[in-house]
Amino acid sequence: MRSDLCSGTLPARMHLPAAWAGTPALDVVVPVFNEEEDLRPCVRRLHEHLTRTFPYAFRITIADNASTDGTPAVATDLARRIEEVRSVRLERKGRGRALRTVWSASDAPVLAYMDVDLSTDLNALLPLVAPLISGHSDLAIGSRLSRGARVVRGAKREVISRGYNLILRGSLQARFSDAQCGFKAIRRDVAQVLLPLVEDSGWFFDTELLVLAERAGLRIHEVPVDWVDDPDSTVHIVRTAAEDLKGVWRVGRALATGALPLDRLARPFGDDPRDRGLADVPGGLARQLVGFCAVGVLSTVFYVFLYSAFRAVTGAQLANGLALLVSAVANTAANRRLTFRVRGRGGMVRHQAQGLVVLAIGLALTSGSLAALVTASSDPARSTELAVLVAANLAATVLRFLLFRAWVFPDRGQARAGDTDAISVPMAPVRRRIGRLLSGRGSSRFDARFRPPRRRAALGRSGAGEENGTPEGPARPRGMDHTRAVRR
């Protein structure tokens with residue numbers, strides 16, 4: 001809440017009037033399959049709501065998933081009658097396939113979708129996309145399971161939904177609360193990079209998209225929704241659940257093996273290029289220290305176990321070398337994945353080779369400690385031997401962290417600056433201009449298109465012509481050019 005607001009009763013919340021714009025700021029996809037009865041009232045209700053409440057230009061895209069009834073004819077008629085509606089026909093089924101096809105081809109900076117049954121209250125649509133328009137978040141989801149949501153549905157679907165989310169939390173460490181609510185949005189620049197990594201084309205598409213985004217460190221905004229179950233839903237629960245479990249296994253295996261290049265999705269410290277030049281911004285040192293210490297403790301325990309096992313059948317030096325070799329390989333792999341968050345298989349061999357060099361340094365330190373112990377006492381006790389090795393191993397661990405951070409995995413955020421810029425640049429101008437608009441500092445042509453009429457009248461001071469939608473001259477009919485843009 002702003003601190004400059006006066007105390008007392010706040011004014012009623014008012015929706016900004018919809019403003020004309022040549023390019024839609026939002027593209028809402030409605031995937032359908034054999035929905036000739038529900039499609040027309042759904043699209044008309046959605047269009048009326050967006051016209052009345054959404055402050056930017058929008059588009060509604062009907063994605064027909066190979067329907068065999070009269071759905072294509074209804075979709076074509078709606079696109080002909082309503083200028084903000086278009087229809088896309090796909091010859092193969094699959095909600096994920098429909099979303100991938102439409103989102104990949106859309107020119108809107110914010111992409112969303114909702115189910116045709118409109119189970120979710122449309123009042124949650126603007127809160128869903130607002131964090132994406134402002135640049136605060138990368139994805140947004142409607143949640144039926146978060147605090148504040150109001151849901152009306154049967155016990156069977158409630159149990160299945162909560163059980164599925166528990167599976168995701170237990171197997172994929174998902175932190176979002178609702179993976180399957182048919183009410184989501186994503187920034188187009190994020191979608192362009194994330195969609196090629198998503199393999200599923202059916203109902204698991206949502207879950208896979210969210211899991212990969214979360215693992216990549218993208219920001220997911222959750223909106224509690226009012227949701228009423230559709231008793232006539234045609235979703236086959238058993239078949240869908242089986243496919244989802246297969247998807248969980250596939251994604252979990254890919255994440256465990258590092259087969260997904262999620263590092264290319266990482267965001268910089270700030271989206272403004274000036275943020276990357278700040279000298280005093282910490283580079284994740286505290287988090288890396290915590291992760292490295294945790295891995296180091298486990299590696300030390302693992303090393304002691306291996307040394308004890310090898311020492312029973314061989315001498316101290318050979319047992320130390322074997323135990324250190326095995327534990328160092330495991331330590332490098334764990335630090336690569338958990339501490340320094342390197343994803344994918346690229347550079348894995350080089351990192352292990354550098355890790356072996358670090359091992360040689362640790363081996364020299366621990367072997368030298370053993371040699372010094374034997375020199376001091378010709379027959380030291382086993383407990384003394386272990387204590388000396390543990391102390392030497394801890395010292396080697398500190399040295400290993402410094403070498404890992406400075407040499408093996410050096411400042412990955414700076415090293416990937418070029419890749420990150422390639423991801424964020426397409427939307428960076430839009431993000432900055434929307435930020436200026438929201439703060440009242442916009443002055444570009446983009447701002448003139450996206451500025452609500454009330455804001456344009458206040459800033460322009462040029463009479464009725466500007467207030468009605470154009471900087472000068474008579475009012476432009478709403479959607480005149482937008483009709484051609486939609487038809488394209």
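Refer to the preceding data block for the structure.
Predicted model only: the values in this text are computed from it and were never measured.

Trainee: Mind showing me how you'd approach empty space enclosed by the protein here?
Mentor: Going through the model one piece at a time under the given rule, you end up with six cavities of 30 Å³ or more. Within this model, the largest cavity holds a volume of roughly 80 Å³. Along its surface, the largest cavity is lined by G296, S299, T300, Y303, L324, S327, A328, N331, N393, T397 and R400. The set of elements that each furnish at least two residues to the lining of the largest cavity consists of α9 (285-311), α10 (316-339) and α12 (382-408). Per-class residue counts for the lining of the largest cavity are three nonpolar, seven polar and one charged.

Trainee: Where do I start with the pattern of salt bridges in this structure?
Mentor: Side chains that differ in charge, positive against negative, can pair when their charged atoms come close. All told, the structure shown has 18 salt bridges when counted by the stated rule. A salt bridge links D27 to R59; the nearest nitrogen and oxygen atoms lie 3.2 Å apart. Here R59 lies in strand β2 (residues 58-65) and D27 lies in strand β1 (residues 26-32), a separation of 32 residues in the sequence. Here D226 and R150 are joined by a salt bridge, their closest N and O atoms 2.7 Å apart. Note that D226 is positioned in strand β9 (residues 226-228) and R150 in strand β6 (residues 150-152), a separation of 76 residues in sequence. Exposure remark for D226: the relative accessible area of 25% places this residue in the partly exposed category. Judged by its relative accessible area of 58%, R150 falls in the exposed class. Several salt bridges share partner residues, and in doing so they unite D27, R59, R86 and D107 into one network.

Trainee: For this particular structure, what's the right way to read the packing of aromatic side chains?
Mentor: Aromatic rings in a pair are described by how distant their centres are and how their planes are angled relative to each other. The tally for this structure, following the rule as stated, stands at nine aromatic pairs. Every member of this aromatic cluster is reached through a ring pair, and the members are F292, F340, F401, F404 and F409. In this arrangement the basic side chain of K93 is found over the ring face of F33, its NZ or CZ atom lying 4.1 Å from the centre.

Trainee: Explain the pairing of strand β4 (residues 110-114) to me, please; I cannot follow it from the model alone.
Mentor: Consecutive side chains along a regular strand alternate between the two faces of the sheet. For β4, a buried count of five out of five residues is recorded, marking the element as mostly surrounded by other parts of the structure. Neither face of β4 is exposed, since V110, A112 and M114 on one face and L111 and Y113 on the opposite face are all buried. Relative to β4, β1 is paired through four bridges, and the arrangement is parallel. When the sheet's bridge partners are listed, V29 is paired in β4 with Y113. Bridging between β4 and strand β7 (residues 183-187) involves five bridges; their strand directions are antiparallel. The residue of β7 that forms the bridge with Y113 is K184.

Trainee: I'm lost on the sheet that holds strand β5 (residues 139-143) in this one. Help?
Mentor: Sheet strands pair by backbone hydrogen bonding; their relative direction is either parallel or antiparallel. Ordered in space as β3-β2-β1-β4-β7-β5-β8, the seven strands form an open sheet in which the pairing is mixed. The sheet terminates laterally at β3 (85-90) and β8 (220-224), the two strands that pair on one side only. In this sheet, neighbouring strand axes are inclined to one another by 20 degrees on average, regardless of whether the strands run parallel or antiparallel. Relative to β5, helix α7 (residues 205-215) is tilted by about 130 degrees, and along the sheet it contacts β4, β5, β7 and β8.

Trainee: What exactly am I supposed to notice about the packing of α9 against α10 here?
Mentor: Relative placement of two packed helices is described by the angle separating their axes and the distance separating the axes. One way to put it is that α9 packs onto α10 with a least axis distance of 8 Å and a crossing angle of 155 degrees. Our classification of the angle between α9 and α10 gives roughly antiparallel. At the point where α9 passes α10, the crossing takes the right-handed sense. Partitioned by chemical class, the residues of the contact of α9 with α10 number 16 nonpolar, nine polar and two charged.

About the thresholds
- Residues numbered from 1 in each chain as written.
- Predicted model: local features only at pLDDT ≥ 70, side-chain atom pairs only at ≥ 80, totals over all residues.
- Heavy atoms only, no water.
- 1 Å grid on protein atoms, 1.4 Å probe; cavity = no way out; pocket = protein on both sides within 12 Å on 5 of 7 lines; lining within 4 Å.
- Points joined across faces, edges and corners; volume = space filled by probe spheres on them.
- Helix = DSSP H or I, 4+ residues; strand = E, 2+ residues; numbered from the N terminus.
- Nonpolar A, V, L, I, M, F, W, Y, C, P; charged D, E, K, R; others polar.
- Salt bridge = Lys/Arg side-chain N within 4 Å of Asp/Glu carboxyl O.
- Buried < 20%, exposed > 50% of the residue type's maximum accessible area, 1.4 Å probe, protein only.
- Phe/Tyr/Trp six-rings, centres within 6.5 Å; stacked < 30°, edge-to-face > 60°.
- Lys NZ or Arg CZ within 6 Å of the ring centre and 35° of its normal.
- Pairing = 2+ DSSP bridges.
- Axes fitted to C-alpha atoms, helices over the stretch in contact; angles between N-to-C directions.
- Contact = heavy atoms within 4.5 Å.
- Parallel < 35°, antiparallel > 145°, perpendicular 65-115°, else oblique.
- Left-handed = near helix turned anticlockwise from the far one by under 90°.

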